[in-house]
Amino acid sequence: IASESFNRPEILLWVDRIRERFRPQAGDLVALLLPCSARKPYSTSKTHRKILSIIGRRGFLHDIIITSPLGAVPRELEGVYPAANYDVPVTGHWSHEEVERSASLVYDIIMKGNYRSVIGYLPEGYDLVGERLREMGVDFMNFDDLSDLSAHIDNIQVDSPPGISWTVHRAISLMRFIYNLVISPDRVSVKKRYVIIDDERAFRIGDYWSHLIPEPY
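On a predicted model such as this, the values are computed, not experimentally measured, just so you know.

Engineer: Let's hear about a positive patch on the surface: which residues, and what values?
Structural biologist: A cluster of basic residues, R39, K46, R49 and K50, forms a positive patch at the surface. Residue position: R49 is located in helix 3 (residues 46-55). On the accessibility criterion, R49 (46% relative accessible area) is partly exposed.

Engineer: Talk me through the sheet that holds strand 1 (residues 29-35); I want residue IDs and the actual numbers.
Structural biologist: With mixed pairing, 5 strands are arranged side by side in an open sheet as 3-2-1-4-5. Only two strands of the sheet have a single partner each, and these edge strands are strand 3 (71-74) and strand 5 (140-142). The average undirected angle you get between the axes of adjacent strands in this sheet is 30°. As judged from the 5 bridges shared by strand 1 and strand 4 (residues 115-120), these two strands associate in the parallel manner. Residue V30 lies in a different strand from strand 4, and its bridge partner there is S117. Seen against the sheet, helix 3 touches strand 1 and strand 2 (61-67) and runs at an angle of roughly 145° to strand 1.

Engineer: For the confidence of the model for the chain, give the residues involved together with the corresponding values.
Structural biologist: Any segment with low pLDDT has predicted coordinates that should not be analysed in fine detail. Here the chain shows a mean pLDDT of 81. Residues at 70 or above account for 71%. Across the chain, the secondary-structure element scoring lowest on mean pLDDT is strand 9 (residues 212-214), at 50, and the one scoring highest is strand 5, at 97.

Engineer: Can you explain the pattern of salt bridges? Please cite residues and give values.
Structural biologist: Throughout the structure, instances matching the rule amount to 7 salt bridges. Put simply, E10 and R8 hold a salt bridge, and the shortest N to O gap is 2.7 Å. Residue E10 is classed as partly exposed on the basis of its relative accessible area, which comes to 21%. It is possible to trace a salt-bridge network through shared partners that takes in D63, R75 and E78.

Engineer: Now, about the pairing of strand 4: what can you tell me, with residues and values included?
Structural biologist: Relative to strand 5, strand 4 is paired through 3 bridges, and the arrangement is parallel. Opposite I119, over in strand 5, you have M141 as the bridge partner.

Engineer: Give me the lowdown on helix 2 (residues 9-20), citing residues and values where you can.
Structural biologist: Taking 1.5 Å as the rise per residue, helix 2 with 12 residues should run 16 Å; its terminal C-alpha atoms sit 16 Å apart, in good agreement. The complete set of buried residues in helix 2 reads I11, W14, V15 and I18. The buried residues of helix 2 occupy one face: seen down the axis, they fall within an arc of 95°. Exposed and facing more than 90 degrees away from the buried side of helix 2 are P9 and E20.

Engineer: With reference to specific residues and values, describe the environment of I11.
Structural biologist: Relative to the helices and strands, I11 resides in helix 2. The exposure class of I11 is buried, given its relative accessible area of 5%. In sequence terms I11 and Y81 are 70 residues apart; their C-alpha atoms lie 9.9 Å from each other. Apart from residues no more than four positions distant in its own chain, I11 is found in contact with S5, F6, P69, L70 and R101.

Engineer: Break down the environment of G79 for me, citing the residues and quoting the values.
Structural biologist: With respect to the helices, strands and loops of the structure, G79 is situated in the loop between strand 3 and helix 4 (96-112). Put simply, G79 and S43 are 36 residues apart on the chain and 9.4 Å apart in space, counted from C-alpha to C-alpha. Among all residues touching G79, those that are not within four sequence positions of it are P41 and A84.

Engineer: Quick rundown of helix 6 (residues 146-154)? Include the residues and the values.
Structural biologist: Every buried residue of helix 6 is listed here: L146, L149, S150 and I153. Down the axis of helix 6, the sector holding all buried residues measures 100°, keeping them to one side. Tucked inside the fold, the buried residues of helix 6 contact strand 1, helix 3, strand 2 and strand 4.

Engineer: Any chance you could break down the packing of helix 3 against helix 6 for me, citing the residues and the numbers?
Structural biologist: The relative placement of two packed helices comes down to the angle between their axes together with the axis-to-axis distance. Packing of helix 3 against helix 6 leaves a shortest axis separation of 9 Å and a crossing angle of 40°. When the axes of helix 3 and helix 6 are compared, the pair comes out oblique. Relative to helix 6, helix 3 is oriented so that their crossing is right-handed. Counting all contacts with helix 3, which are made through K50, I51, I54 and I55, the residues of helix 6 involved are L146, L149, S150 and I153.

The rules behind the values
- Residues numbered from 1 in each chain as written.
- Predicted model: local features only at pLDDT ≥ 70, side-chain atom pairs only at ≥ 80, totals over all residues.
- Heavy atoms only, no water.
- Patch = residues over 30% accessible without salt bridge, like charges linked within 9 Å, V, L, I, M, F, W, Y side chains within 5 Å.
- Areas by Shrake-Rupley, 256 points an atom, 1.4 Å probe, with all protein chains shown as cover.
- Salt bridge = Lys/Arg side-chain N within 4 Å of Asp/Glu carboxyl O.
- Lys, Arg positive; Asp, Glu negative; His and termini not counted.
- Charge placed at Lys NZ, Arg CZ, Asp CG, Glu CD.
- Helix = DSSP H or I, 4+ residues; strand = E, 2+ residues; numbered from the N terminus.
- Buried < 20%, exposed > 50% of the residue type's maximum accessible area, 1.4 Å probe, protein only.
- Pairing = 2+ DSSP bridges.
- Axes fitted to C-alpha atoms, helices over the stretch in contact; angles between N-to-C directions.
- Contact = heavy atoms within 4.5 Å.
- pLDDT = per-residue confidence, 0-100.
- Expected span 1.5 Å × (residues − 1).
- Arc of directions from axis to C-beta.
- Parallel < 35°, antiparallel > 145°, perpendicular 65-115°, else oblique.
- Left-handed = near helix turned anticlockwise from the far one by under 90°.

Put into structure tokens, the structure is as follows:
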């Protein structure tokens with residue numbers, strides 16, 4: 001990654017907002033570190049569809065995608081700008097600066113949440129981030145085989161927190177407006193172009209999920 005791309009204003013703003021605003025969902029979680037993909041959002045890519053088809057969607061799993069130049073992208077923010085729009089070659093080669101940014105962002109996220117463990121499916125290149133996390137004191141376990149990862153996840157006993165749709169609303173509100181939706185998810189719904197909280201319109205949805213417009217009181 002060239003320094004011009006690594007230090008673009010929108011990239012640095014993303015890094016700052018992940019550090020300063022993003023907070024993982026409350027509850028017992030397991031951080032799952034995954035590689036990025038050329039196709040965005042990541043969950044539409046062949047690689048991520050294969051991963052999700054094998055391990056399934058588990059409420060207690062918090063997917064964190066390792067990528068450059070953004071560093072790290074929580075799954076619930078994969079559809080917002082710039083995570084959904086950047087385009088860089090996926091080479092597998094990581095510079096020291098790229099490893100440091102990704103590892104430090106993941107470390108920040110982990111320190112802000114209640115994670116019982118940190119696991120990953122990181123191929124060569126990406127695994128340098130896992131090695132750096134271990135140096136930082138994180139007990140990280142990487143799996144080379146998806147079936148082994150799935151078997152490990154099957155043995156985890158955790159009460160699942162709210163699903164991805166709820167965490168998307170909450171994460172975007174934090175990143176865009178610094179609103180922390182700490183209310184119960186059963187009080188939140190989506191109807192047509194609005195996010196409804198306690199039967200009142202709280203946000204109007206713009207052209208993208210990243211464009212949530214607060215409704216006036």
